[in-house]
Amino acid sequence: MYLSVQLSYYPLADDFKPVVKEVVKRLEATGLEVHPNRMSTQVFGEFDEVMAALSEVMRWSFETHGKAVFTANFLEGDRRPR
């Protein structure tokens, strides 16, 4: 099953930009299709791969940088920009 996700990440830190960039970089390193923009990051791929990548990146974020807020919208199907 293909999954489309809109993910927003809010690290609770004063210097948040480098942390956000690292999260996007880690998502891109998974091989999934990742489209960052100013408001959110869109992630596309097979359900299990997307969920595993999100779990790994969220764990890394919490363990490395502490408190943060993740918000996500999940839509079954291919909603990639054409």
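Above this text is the structure in question.
All figures in this text were calculated on a predicted structure; none of them were measured in a lab. (Residues numbered from 1 in each chain as written. Predicted model: local features only at pLDDT ≥ 70, side-chain atom pairs only at ≥ 80, totals over all residues. Heavy atoms only, no water.)

Draft legend 1. Looking closely at a nonpolar patch on the surface. A cluster of nonpolar side chains, Met 1, Phe 47, Met 51 and Phe 74, forms an exposed patch at the surface whose accessible area comes to about 390 Å². Of note, Met 51 is situated in helix α2 (residues 47-65). Judged by its relative accessible area of 32%, Met 51 is partly exposed. (Patch = residues over 30% accessible without salt bridge, like charges linked within 9 Å, V, L, I, M, F, W, Y side chains within 5 Å. Areas by Shrake-Rupley, 256 points an atom, 1.4 Å probe, with all protein chains shown as cover. Salt bridge = Lys/Arg side-chain N within 4 Å of Asp/Glu carboxyl O. Helix = DSSP H or I, 4+ residues; strand = E, 2+ residues; numbered from the N terminus. Buried < 20%, exposed > 50% of the residue type's maximum accessible area, 1.4 Å probe, protein only.)

Draft legend 2. Representation of the sheet that holds strand β3 (residues 41-46) in the model. The sheet built from 4 strands is open, its strands ordered β2-β3-β1-β4 with antiparallel pairing. Sheet topology places β2 (33-36) and β4 (68-76) at the edges, where each strand pairs with a single neighbour. Sheet twist, expressed as the mean angle between neighbouring strand axes with direction ignored, is 20°. Bridge count between strand β1 (residues 2-11) and β3: 6 bridges; the pairing is antiparallel. Within β3, the position partnered with Ser 4 by the bridge is Phe 44. Sheet contacts for helix α1 (residues 17-28): β1, β2 and β3; angle to β1, the most-contacted strand, approximately 160°. Lying over the sheet, α2 contacts β1, β3 and β4, oriented at roughly 135° with respect to β3. (Pairing = 2+ DSSP bridges. Axes fitted to C-alpha atoms, helices over the stretch in contact; angles between N-to-C directions. Contact = heavy atoms within 4.5 Å.)

Nothing here speaks to function; it is geometry throughout.
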